[in-house]
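Single-letter residue listing:
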Amino acid sequence: SKNRIVVIPNGVDSFIYKPAKIKKEIDVICVSRLVSWKHIDEIIKATAALKLKLVVVGDGPELKSLTTLAKELKADVEFMGILSGNELIKLYQKSKLYILNSSFELTSYSLIEAQLCGIFSISNANTGSADVILNNKTGILINGTNSDLFQGAIKDYLNKFEKYASSQEISNYTKNKFDQRLTYELL
């Protein structure tokens, strides 16, 4: 019976991850383990083509090839490595756009964290990101992982959403679904 099934979503502390009224200095942020199925290379290609600053947080076996690609494309990419929670929150709060480009993903903590910080997000619709992003409200869901799709979605963000997307509305929407206090209540 369906009434015997309870879905308990990932929970993130919305008292820690929240929007801040500070200058947005980073065009795009990506927080990820640097592995092939996260397709960070496609994010680098998309942001390089649009001449946007990209900050990549994380580490993994793809770091060297991603660094090489960024240099070859003369992309404005800063690889930050692994950061503490407080350092990461500050970066989220300074960022305009969050991108997650996984081929497969359940429910991403970094996506939830970014949205709690009020960041408009772009991700693959064929993953657990579809449970986090309210399409064309808190982010854009695309069907695939290639750089052309991300370029189009980024352009949509810049043309349609950047001026109108409310950090507080994005945060509130995400908080209502993924705040850890709600998760604890379901246990």
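Colleague: Would you mind showing me how to read the overall build of the chain here?
Modeller: Broken down by element type, the chain carries seven helices and six strands. Along its sequence from the N terminus, the chain presents helices and strands in the succession β-α-β-α-β-α-β-α-β-β-α-α-α. Taken over C-alpha atoms, the radius of gyration comes to 16 Å for the chain, in line with the 16 Å a tight globule of 187 residues would show. Its C-alpha atoms give the chain principal-axis dimensions of roughly 55 × 35 × 30 Å. Within the span of the chain, comprising 187 residues, buried residues form 47% of the whole. Considering only contacts within the chain whose residues lie at least 6 apart along the sequence, 67% involve residues at least 24 apart. Surface accessibility of the chain: about 9900 Å² in total, with carbon and sulfur atoms responsible for 51%. The averaged location of the 20 negative side-chain charges in the chain is 3 Å from the averaged location of its 24 positive side-chain charges.

Colleague: Teacher, can you tell me more about the packing of aromatic side chains here?
Modeller: Each aromatic ring pair is described using two quantities: the centre-to-centre distance and the angle formed by the ring planes. Tallied over the full model, the rule gives five aromatic pairs. Taken together, the ring pairs in this structure connect Tyr-17, Tyr-92 and Tyr-98 into an aromatic cluster.

Colleague: What exactly am I supposed to notice about the pattern of salt bridges here?
Modeller: Side chains that differ in sign of charge can pair as their charged atoms come close. This structure, assessed with the given rule, holds seven salt bridges. Across the pair Asp-13 and Arg-181 runs a salt bridge, and its minimum N-O distance is 3.0 Å. With Asp-13 in the segment before strand 1 (26-31) and Arg-181 in helix 7 (residues 180-186), this pair connects stretches of sequence that are 168 residues apart. Overall, the relative accessible area of 16% leaves Asp-13 in the buried class. Note on Arg-181: relative accessible area 28%, which makes it partly exposed. The residue Glu-105 makes a salt bridge to Lys-38 at a minimum N-O spacing of 2.7 Å. Residue Glu-105 is found in the loop between strand 4 (95-100) and helix 4 (109-116), and its partner Lys-38 is found in the loop between strand 1 and helix 1 (40-49); the two are separated by 67 residues along the sequence. Residue Glu-105 shares its accessibility class with Lys-38, and that shared class is buried. Three or more residues are tied together by salt bridges with common partners; here these are Asp-13, Asp-179 and Arg-181.

Colleague: What's the story with helix 2 (residues 63-72) in this structure? I'm lost.
Modeller: Every α-helix carries 3.6 residues per turn, so stepping three or four residues along brings you back to the same face. All buried positions along helix 2 are accounted for by Leu-66, Leu-69 and Ala-70. Projected down its long axis, helix 2 carries its buried residues within an arc of 100 degrees, all on one side. Residues of helix 2 that are exposed and point more than 90 degrees away from the buried face comprise Lys-64, Lys-71 and Glu-72. Packed against the buried residues of helix 2 are helix 1 and strand 3 (77-81). Count one or two residues on from helix 2 and you reach Lys-74, which has phi positive near 55 degrees.

Parameters and conventions
- Residue indices begin from 1 for each chain and proceed along its sequence in written order.
- Where local features are concerned, this predicted model is filtered to residues with pLDDT of at least 70; where side-chain atom pairs are given and counted, the filter is 80 or more; whole-chain, interface and lining totals use all residues.
- As a convention, hydrogens and water are excluded, and side-chain values are obtained from all of the structure's heavy atoms.
- Secondary structure elements are taken from DSSP: a helix is a run of H or I of four residues or more, a strand is a run of E of two residues or more, and numbering for both begins at the N terminus.
- Our radius of gyration looks at C-alpha atoms and nothing else; its globule reference is 2.2 Å times the residue count to the power 0.38.
- We call a residue buried when its accessible area falls under 20% of the maximum for its residue type, exposed when it is over 50%, and partly exposed in between, using a 1.4 Å probe and counting protein chains only.
- Contact criterion: two residues are considered in contact whenever any of their non-hydrogen atoms come within 4.5 Å of each other.
- Using a 1.4 Å probe, the Shrake-Rupley method yields the accessible areas, and only the shown protein chains count as cover for residues.
- Positive charges come from Lys and Arg alone, negative charges from Asp and Glu alone, with His and the N- and C-terminal ends not counted.
- Working definition for charges: the position is that of NZ of Lys, CZ of Arg, CG of Asp or CD of Glu.
- Any two rings among Phe, Tyr and Trp, with Trp reduced to its six-membered ring, count as a pair given centres within 6.5 Å; such a pair is stacked if its planes are under 30 degrees apart, edge-to-face if over 60, and tilted if neither.
- For this document, the term salt bridge refers to a Lys or Arg side-chain nitrogen within 4 Å of an Asp or Glu carboxyl oxygen.
- This arc corresponds to the set of directions leading from the helix axis out to the C-beta atoms.

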